[in-house]
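Residue-level structure breakdown
What follows is the residue order along each chain.
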Amino acid sequence: YSSSIHTTKTQAHHRTAFNELIRFVGDVEMRSIHARQIEDFLSHKRKIASDWTARKYYGALSAAFNRAIQTGLMEENPCKSITVASVCMVVGSDG
């Protein structure tokens with residue numbers, strides 16, 4: 001699906017975001033990923049990379065979860081209860 005609407009660079013970014021998430025949470029089914037895991041992942045990315053990286057990964061993951069809902073693979077997007085601001089606040093309170 002992504003190849004029909006996204007550039008090669010965007011497709012690569014989306015793959016990278018999901019590969020990094022899988023490295024963080026383990027190789028689990030998409031439907032078993034919860035908002036807290038994504039928040040922790042994005043906070044981790046913000047700490048080791050940047051706010052920009054966390055925001056880009058959030059966008060890529062949210063779009064992929066939305067597509068999974070459209071195709072019937074999931075019922076709810078775990079990203080919908082997360083804002084990038086809340087990720088920044090969580091990280092800010094730790095360090």
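Residues numbered from 1 in each chain as written. Predicted model: local features only at pLDDT ≥ 70, side-chain atom pairs only at ≥ 80, totals over all residues. Heavy atoms only, no water.

**Focus on the environment of Ser 43**
When you line up the elements, Ser 43 lands in helix 3 (residues 35–48). Along the backbone, Ser 43 and Ala 54 are 11 residues apart, and their C-alpha atoms lie at a distance of 7.3 Å. (Helix = DSSP H or I, 4+ residues; strand = E, 2+ residues; numbered from the N terminus.)

**Structural notes on the packing of aromatic side chains**
For the structure shown, the criterion picks out three aromatic pairs. Relative to Tyr 57, the ring of Phe 41 lies with its centre 5.9 Å away and its plane at 15 degrees, an arrangement referred to as stacked. Linking Phe 41 in helix 3 with Tyr 57 in helix 4 (residues 51–70), this pair joins segments that are 16 residues apart in sequence. Comparing Phe 41 with Tyr 57 shows no difference in burial state: the two are buried. (Phe/Tyr/Trp six-rings, centres within 6.5 Å; stacked < 30°, edge-to-face > 60°. Buried < 20%, exposed > 50% of the residue type's maximum accessible area, 1.4 Å probe, protein only.)

From the geometry alone we can't say anything about function, so treat these as descriptive.
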